[in-house]
Amino acid sequence: MTGSEETLSFRLAYVPGVTPAKWVRIWNERLPGIPLELVAASAGAAYDVLRDGGADAGFVRLPADRTFFSAIPLYTETTVVVVPKDHLFTAADEVSTEDLADEIVLHPLDDTLDWERPPGRPAFERPATTADAIELVAAGIGLLVVPQSLARLHHRKDLKYRTLTDAPQSQVALAWPEERTTDQVEDFIGIVRGRTVNSSRGRAQAPAPAPSKSQSKQPAKGGARQKPAARKPVGKGSRGPRGGSGAPKGAKRGKPRR
């Protein structure tokens, strides 16, 4: 922050398929004075947005350049194959990559899976985006393999998807430039990791002030101030316990005088 009048804010990038609503809600509850701005970015452009300062942190898909970024892996997605609703694969709960051997499998340029070689037969050309590939699947041109969240994002009534076994999986992570780990980034890390407001692993809290003299004399919480115990009288005339004679234990009593 360069000036006292500058408004603090936190910019959060996110890639298609990631739904940041839960974390945004918690941020707004805990830090209402710091607005959170969402920045949508494609999977391929998200790291450039972070590198160029377009966002403070972001939900991205791994791998990340660990020489520049810090990253916290969050979850691994199920991989699915998207097919027309009347395709033979819809009769099964899951299929394998071997089942795709005779199928045309589309491989968009923004593919998020780290394939050495995609299964099936390659299409004549690669679609530019996953959204374009979805349109081709609906037209019966081929099938598409994507993380499950992208299949849900591009859901259509004329398409279905099934779990694809023995396929690469996409990992979603929270990433940010390591050299720009600000207080706001630390706050968001705590939210994503499920820390409470008073968590000792969150940002450092200021030490509690020492109690003043007037406070130190206040009674303990939940009770009244206690008076010092009364001292027992010493010397002649001191009385023993209530109901006793006051004579030392074991002393004989004299006969009453007539």
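Anyway, here's the lowdown on the structure attached to this text. Every value quoted in this text rests on a predicted model; they were computed, and no experiment measured them.

### Regarding the overall build of the protein
Assigned secondary structure in the protein consists of six helices and 11 strands. A total of 258 residues make up the protein; the buried ones form 34% of that total. A fraction of 69% describes how many contacts in the protein between residues 6 or more apart in sequence connect residues 24 or more apart. Accessible surface, the protein: about 17,900 Å² in total, of which carbon and sulfur atoms supply 50%.

### Thoughts on the nonpolar core
In terms of nonpolar packing, the biggest core is built from 35 residues, with Phe10, Leu12, Phe59, Leu174 and Phe188 touching the most fellow members. If near-sequence neighbours (up to four positions away) are discounted, Leu12 is found in contact with Pro20, Leu36, Glu37, Leu38, Val39, Ala55, Ala57, Gly58, Phe59, Leu174 and Phe188. Within the second largest apolar cluster, 12 residues are counted, among which are Phe89, Val105, Leu113 and Val145.

### With respect to the pattern of salt bridges
Per the stated rule, a full pass over the model turns up six salt bridges. Of the charged contacts, one joins Glu29 and Arg25 as a salt bridge, the two residues approaching to 3.3 Å between their closest N and O atoms. Of the two residues, Glu29 and Arg25 both sit in helix α1 (residues 21-30), four residues apart, roughly one turn of that helix. Note on Arg25: relative accessible area 44%, which makes it partly exposed. Note that Arg156 and Asp158 form a salt bridge whose closest N and O atoms lie 2.8 Å from each other. The class of Arg156 is partly exposed, set by a relative accessible area of 27%. Several salt bridges share partner residues, and in doing so they unite Glu135, Arg156 and Asp158 into one network.

### With respect to helix α5 (residues 183-192)
Burial analysis of α5 places eight of its 10 residues in the buried class, which makes it a mostly covered element. The complete set of buried residues in α5 reads Gln184, Val185, Asp187, Phe188, Ile189, Gly190, Ile191 and Val192. Looking at the buried positions of α5, the neighbouring elements they touch are β1 (10-14), α1, β2 (36-40), β3 (57-61), β4 (69-76) and β11 (171-177). Note on α5: the residue one or two positions beyond its end, Gly194, has a positive phi of about 80 degrees.

### Focus on the packing of α1 against α5
At a minimum axis separation of 10 Å, α1 and α5 run at an interaxial angle of 120 degrees. Relative to α5, the element α1 lies oblique. Here α1 runs over α5; the crossing is right-handed. The residues of α5 that touch α1, namely those facing Trp23, Ile26, Trp27 and Arg30, are Gln184, Asp187, Phe188, Ile191 and Val192. Class assignment of the residues belonging to the contact of α1 with α5 gives a composition of six nonpolar, one polar and two charged.

### Here we look at the packing of aromatic side chains
As enumerated under the stated definition, the model contains seven aromatic pairs in all. The interplanar angle of 20 degrees and the centroid separation of 4.8 Å between the aromatic rings of Phe10 and Trp27 together place this pair among those described as stacked. With Phe10 in strand β1 and Trp27 in helix α1, this residue pair connects regions lying 17 residues apart in the sequence. Just as Phe10 is buried, Trp27 falls in that class too. Pairwise contacts between aromatic rings join Phe10, Trp23, Trp27, Phe59 and Phe188 into one cluster. Over the aromatic face of Phe68 sits the side chain of Arg51, whose NZ or CZ is 4.6 Å from the ring centroid.

### So, unusual backbone geometry
The linkage connecting Leu62 with the following residue, Pro63, adopts the cis geometry, with an omega of 10 degrees. Mapped onto the elements of the fold, Pro63 is located in the loop between β3 and β4. With a phi angle near 45 degrees, Asp166 is a residue other than glycine that sits in the positive phi range. Along the polypeptide, Asp166 turns up in the loop between β10 (159-164) and β11.

### With respect to the pairing of β11
Burial within β11 is extensive, with six of its seven residues counted as buried. Taken together, the four bridges between β3 and β11 define a ladder with antiparallel strand orientation. Note on β11: the bridge partner recorded for Arg61 is Val172. In this structure, β4 lies alongside β11, joined through seven bridges in antiparallel fashion.

Cut-offs applied
Residues numbered from 1 in each chain as written. Predicted model: local features only at pLDDT ≥ 70, side-chain atom pairs only at ≥ 80, totals over all residues. Heavy atoms only, no water. Helix = DSSP H or I, 4+ residues; strand = E, 2+ residues; numbered from the N terminus. Buried < 20%, exposed > 50% of the residue type's maximum accessible area, 1.4 Å probe, protein only. Contact = heavy atoms within 4.5 Å. Areas by Shrake-Rupley, 256 points an atom, 1.4 Å probe, with all protein chains shown as cover. Core = buried A, V, L, I, M, F, W, Y, C linked by side-chain atoms within 4.5 Å. Salt bridge = Lys/Arg side-chain N within 4 Å of Asp/Glu carboxyl O. Axes fitted to C-alpha atoms, helices over the stretch in contact; angles between N-to-C directions. Parallel < 35°, antiparallel > 145°, perpendicular 65-115°, else oblique. Left-handed = near helix turned anticlockwise from the far one by under 90°. Nonpolar A, V, L, I, M, F, W, Y, C, P; charged D, E, K, R; others polar. Phe/Tyr/Trp six-rings, centres within 6.5 Å; stacked < 30°, edge-to-face > 60°. Lys NZ or Arg CZ within 6 Å of the ring centre and 35° of its normal. Pairing = 2+ DSSP bridges.

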